[in-house]
Amino acid sequence: MAFQGIHEYIDLLERKGELIRISGYVNPVLEIPEIVDRVSKSPEGGKALLFENTGTDFPVLINAFGSNNRMALALGADNLNAIGDEIESLFKKLVSPKAGLMEKLRMLPMLGQISSWMPKSVSGKGKCQEVVMKEPDMGKLPVLTCWPADGGPFVTLPCCVVTRDPETGVRNVGMYRMQVFGPNLTGMHWHKHKTGARHFNEYKKRGERMPISVVLGGDPAYTYAATAPLPDNIDEYLLAGFLRKKRVELVKCITNDLEIPSNADFVIEGYVDPEEDFIWEGPFGDHTGFYSLADWYPKFHVTCITTGRMPFIRLPLLVSLRRKMRTSVALRSAFSLAR
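Quick summary incoming for the structure in this document. Here the structure is a predicted model, which means the values were calculated and not measured. (Residues numbered from 1 in each chain as written. Predicted model: local features only at pLDDT ≥ 70, side-chain atom pairs only at ≥ 80, totals over all residues. Heavy atoms only, no water.)

### Some details on the pattern of salt bridges
Line of reasoning, step 1. Summed over the entire model, instances satisfying the criterion amount to 14 salt bridges.
Line of reasoning, step 2. The partner of aspartate 235 in a salt bridge is arginine 171, with the nearest N and O atoms 2.5 Å apart. Taken together, the positions of aspartate 235 in the loop between α8 (220-227) and α9 (236-244) and arginine 171 in strand β8 (residues 171-174) put the pair 64 residues apart, joining distant regions of the chain. Assigned by exposure class, aspartate 235 and arginine 171 land together as buried.
Line of reasoning, step 3. For glutamate 208, the salt bridge identified is with arginine 206, shortest N-O distance 3.4 Å.
Line of reasoning, step 4. Glutamate 208 sits in the partly exposed class, given a relative accessible area of 33%.
Line of reasoning, step 5. Taken together, the salt bridges that share partners define one network made up of Glu14, Arg21 and Glu52. (Salt bridge = Lys/Arg side-chain N within 4 Å of Asp/Glu carboxyl O. Helix = DSSP H or I, 4+ residues; strand = E, 2+ residues; numbered from the N terminus. Buried < 20%, exposed > 50% of the residue type's maximum accessible area, 1.4 Å probe, protein only.)

### Examining the nonpolar core
Line of reasoning, step 1. Of all hydrophobic cores here, the largest spans 52 residues; its most connected members are Tyr9, Leu61, Ile83, Cys160, Leu239, Leu243 and Ile260.
Line of reasoning, step 2. Residue assignment for this core shows that the elements contributing at least two residues are α1 (6-15), β2 (48-53), α3 (68-74), α4 (80-95), β7 (160-164), α8, α9 and β12 (249-252).
Line of reasoning, step 3. For this core, the element with the most residues is α9, which contributes 6 residues.
Line of reasoning, step 4. By size, the runner-up hydrophobic cluster in this structure holds 25 residues, among which are Phe58, Met178, Val180 and Met188. (Core = buried A, V, L, I, M, F, W, Y, C linked by side-chain atoms within 4.5 Å.)

### A closer look at the packing of aromatic side chains
Line of reasoning, step 1. Scanning all chains against the criterion turns up 10 aromatic pairs.
Line of reasoning, step 2. Seen in terms of ring centroids, phenylalanine 58 and phenylalanine 266 are 5.0 Å apart; in terms of plane orientation they differ by 90°. Their pairing is edge-to-face. Note that phenylalanine 58 is positioned in the loop between β2 and β3 (60-62) and phenylalanine 266 in strand β14 (residues 266-272), a separation of 208 residues in sequence.
Line of reasoning, step 3. Taking relative accessible area as the criterion, phenylalanine 266 reaches 0% and is therefore assigned buried.
Line of reasoning, step 4. Here the aromatic cluster, defined as three or more aromatic residues joined through ring pairs, consists of Tyr176, Trp190, Phe200 and Phe278. (Phe/Tyr/Trp six-rings, centres within 6.5 Å; stacked < 30°, edge-to-face > 60°.)

### Overview of the sheet that holds strand β1 (residues 19-25)
Line of reasoning, step 1. Spatial strand order, β1-β2-β3: 3 strands in an open sheet with mixed pairing. Strands with a single pairing partner mark the edges of an open sheet, and in this sheet they are β1 and β3. The average angle at which neighbouring strand axes cross in this sheet is 20°, direction not considered.
Line of reasoning, step 2. Note that β2 and β3 share 3 bridges and pair antiparallel. (Pairing = 2+ DSSP bridges. Axes fitted to C-alpha atoms, helices over the stretch in contact; angles between N-to-C directions.)

### Some thoughts on the environment of threonine 306
Line of reasoning, step 1. The residue threonine 306 is located in strand β19 (residues 299-307) in this model.
Line of reasoning, step 2. The spatial distance from the C-alpha of threonine 306 to the C-alpha of lysine 134 is 8.4 Å, given a sequence separation of 172 residues.
Line of reasoning, step 3. For threonine 306, the residues in contact, after removing those within four places along its chain, are Cys128, Gln129, Val131, Val132, Ile254, Asp265, Phe266, Val267 and Glu269. (Contact = heavy atoms within 4.5 Å.)

Laid out in structure tokens, this is it:
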């Protein structure tokens, strides 16, 4: 099932009785997280919560993937094992060394189906670019401060942090938390073994700024694909296309030449300068139940923020992703096979 934006997923959750709307004002600093911490620990993960009054122009959808049922709804499946079985069967057929000529011929329709899931670049502007904040201000977004000793507010679920290898041009879609330090400055928390960090090192060798674009919202499949342990040669947007059974349409950003899904809800464009000193980021209340220590990470300079005309920002707690974004055994098995 393909969602054209997070608002369509909200509508589905409401129809299925999986959403509670909170119309009264709730502060994004500690108050929203405290409520969600209790709700998400309820039997079956509680309900998804839509905080409609955050003191900003935008609501917050949270705990959206906090149960097996909501994960299945987000990925358009009856159950998560069915998706894992389909991925596993697909990879086994594609990489089978014993496939004879007739079996390979029988795979041609499957290859055609796979090609229909490949991401496609489209011209013009996307729905995510209907409103352009040319003087970006992260303070206008309801970014959460989750725990009392956190270093500040963190974007904890940027569903797609898009980078590109400057040597090969190959795109990567990852997920790295971002502490907000000012109107147009955040940290970029990638560990040394992550693909984003590897791209950063390549730009550093070349002495060039590294363009980055961060996607918020859009189809929930984008969020899942950004977290999947895919091999380097598998495009995350291809996985998203498989999950949606519809290709992802990509448009070019406004202040850099990276591509992002046209139906995203928010896009934060910017760059990291490898020649700059790092910034002291953290601490952060992590999914382990402990604070991860502060450390030095690259500065992400925001050059532009774009949205659709009816945006819904989705910035769930990290715990909503790490503890509550459920992954079936079959899905984990399929991704291990892919690697």
